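Now for the letters of each chain:
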Amino acid sequence: MGILSGALTARRFKVVGDVPEAFRDVYREQLGQFAFRDPPNEPGKAEIEGWVQTHNLLDASFDDLNRWLYDPYALFALRIDKKVLPANLLKATVEKECTKWCAEKGVERCPNAVKTEIKERIEDEWLRRTLPKVRVTELCWNMRDQWLVLHSLSESVADRVRKRFHQTFGLRLVPWSPLDWMSDEATVEGLLGTMPAAMQEAK
Amino acid sequence: MSPDGLPLLPHVASEFYLWLWWSIDQRDAVFDLGGKVGTITLWVEERLAFRHPNETKITAVMTGDRPDETLEARAALAGGKVVQDLRLHMRRDDREFTFTLKGAALDLAQAKLPQAVAGGAEALYDRMFLYEEVALVVGALLQEFARERLSDRWDAVVVPAIRDWSLASRLEAAG
């Protein structure tokens, strides 16, 4: 399900800013710069994001224009990876380890510093062997008419795409408004000035 | 034409959805929108979602075939709820579309497009053309609503007619 097939869900944005004359080469380079990169072998919990091809989320190279630029459209996706540990299992495991530590040391309570160290060690071990949750959101940018559709209605995804888009291209994504369909300012002002109509019968 | 990104006022979006629902009934599903759009056939299909006027959360959802004709949908209206999402089926020439309009931004969701080409660049061109076609029609419908909403007819004719329609169809649905 996405922009190329299946049911289409689309939030539309206006693209605001100047497109460089040699945009093909400039954008190829910028997409490459902000493409998804597999992290070095670090166990971090932080989310990792970057642009990928829509054909395959493992393909983060934009060198071949024919794979993502279909004049006037650019088609690519934001991939967001996040590792999540089962919180209840982590808590229980930490408590077990603390109890074991207390027994070994012959003390009743495990100091906070030790507990934190145990927790960080377990998190580190688990994160190394945990696969991330991977979310991919496709977008299609009409570069001629300067609008973009995002295949998601999630506010948080939209915020991330807008931020990364700005970092990558130096262009702003402004949510498109139904009021943009109105042909004159008076209608826009009129609609913005209305009070709710009494559509239900009086009780 | 709008201040950057400003959606419709929530009550205006709900009134637009209700006006569409009422207009479908009044016009036997046929809309002559003139200009580039021409004539389309439109009806409510599979899903109607309601909310309380002062909240954003959906509180009632009608699904199934022609949810607009159900007693529950009329009861939701009578209970003071307003339409938040509307799933529509549209026929334009020989092309059939089904899509949901959601909330005050009129976001397009779960749009089934009459795609003729699968795979590759041609599929993208085809899908974007069809997406633009839906946007063109929804824009024309909103323009027609806006003309009516801002005219003297709105308070004098349309609102009483929608009230009467809502009451009559509820009584009819109740048997």
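Remember, it's a predicted structure, so these values are computed and weren't measured experimentally. (Residues numbered from 1 in each chain as written. Chains lettered and ligands numbered in written order. Predicted model: local features only at pLDDT ≥ 70, side-chain atom pairs only at ≥ 80, totals over all residues. Heavy atoms only, no water.)

Visitor: Which residues make up the overall build of chain A, and what values do they have?
Guide: Scanning chain A from terminus to terminus reveals 5 helices and 7 strands. Its C-alpha radius of gyration of 25 Å places chain A more than 25% over the 17 Å reference for a compact globule of 203 residues. With the C-alpha coordinates of chain A rotated into their principal frame, the extents come out at 80 × 65 × 30 Å. In chain A, which comprises 203 residues, the proportion classed as buried is 44%. (Helix = DSSP H or I, 4+ residues; strand = E, 2+ residues; numbered from the N terminus. Rg over C-alpha atoms; globule rule 2.2 N^0.38 Å. Buried < 20%, exposed > 50% of the residue type's maximum accessible area, 1.4 Å probe, protein only.)

Visitor: Just give me the short version of the environment of A:R135, but keep the residues and values in it.
Guide: Residues and elements named next belong to chain A. Following the sequence through the fold, R135 ends up in strand 5 (residues 133-142). Separated by 112 residues in sequence, R135 and F23 have C-alpha atoms that sit 28 Å apart. What R135 contacts, discounting residues up to four positions off in sequence, is L78, R79, I80 and V157. (Contact = heavy atoms within 4.5 Å.)

Visitor: Can you break down the interface of chain A and chain B residue by residue, with the values?
Guide: Accessible area lost during the coming together of the parts is what is often quoted as the interface size. Listed by partner, the interface residues are 48 residues for chain A and 53 residues for chain B. Both sides together, the interface formed by chain A and chain B hides about 4,300 Å², and carbon and sulfur atoms give 62% of it. Summed over the shared surface of chain A and chain B, the result is 2 salt bridges. Of the charged contacts, one joins B:D107 and A:R11 as a salt bridge, the two residues approaching to 2.7 Å between their closest N and O atoms. On the surface where chain A and chain B come into contact, there are 19 residue pairs in polar contact (both at pLDDT 80 or more). When residues of the side of chain A that touches chain B are traced back to their parent elements, those giving at least two are strand 1 (8-16), strand 4 (73-82), strand 6 (147-150), strand 7 (172-175) and helix 5 (185-192) of chain A. Here the side of chain A that touches chain B is composed, by residue class, of 28 nonpolar, 10 polar and 10 charged. Judged from the 2 bridges that link them, strand 1 of chain A and strand 6 (residues 107-112) of chain B form a sheet pairing that is antiparallel. Considered in strand 6 of chain B, the bridge of A:L8 is made with B:A111. (Buried area = accessible area lost by both parts, 1.4 Å probe. Salt bridge = Lys/Arg side-chain N within 4 Å of Asp/Glu carboxyl O. Polar contact = N/O pair within 3.5 Å; in protein donor to acceptor, adjacent residues only side chain to side chain. Nonpolar A, V, L, I, M, F, W, Y, C, P; charged D, E, K, R; others polar. Pairing = 2+ DSSP bridges.)

Visitor: Pulling in residues and values, what's your account of a nonpolar patch on the surface?
Guide: Nonpolar side chains collect at one region of the surface, where A:L57, A:L58, A:V134 and A:V136 lie side by side and expose about 340 Å² of accessible area between them. Looking at the element boundaries, A:V134 is found in strand 5. (Patch = residues over 30% accessible without salt bridge, like charges linked within 9 Å, V, L, I, M, F, W, Y side chains within 5 Å. Areas by Shrake-Rupley, 256 points an atom, 1.4 Å probe, with all protein chains shown as cover.)

Visitor: Pulling in residues and values, what's your account of the pairing of strand 5 of chain A?
Guide: Residues and elements named next belong to chain A. Pairing geometry for strand 4 and strand 5, over 10 bridges, is antiparallel. When the sheet's bridge partners are listed, L75 is paired in strand 5 with C140. Of the pairings in the sheet, the one linking strand 5 to strand 6 comprises 4 bridges and is antiparallel in character. Looking across to strand 6, one finds that L139 is bridged to L150. Turn length for the strand 5-strand 6 hairpin, with the two strands adjacent in sequence and antiparallel, is 4 residues, and the turn residue Q146 shows positive phi of about 60°.

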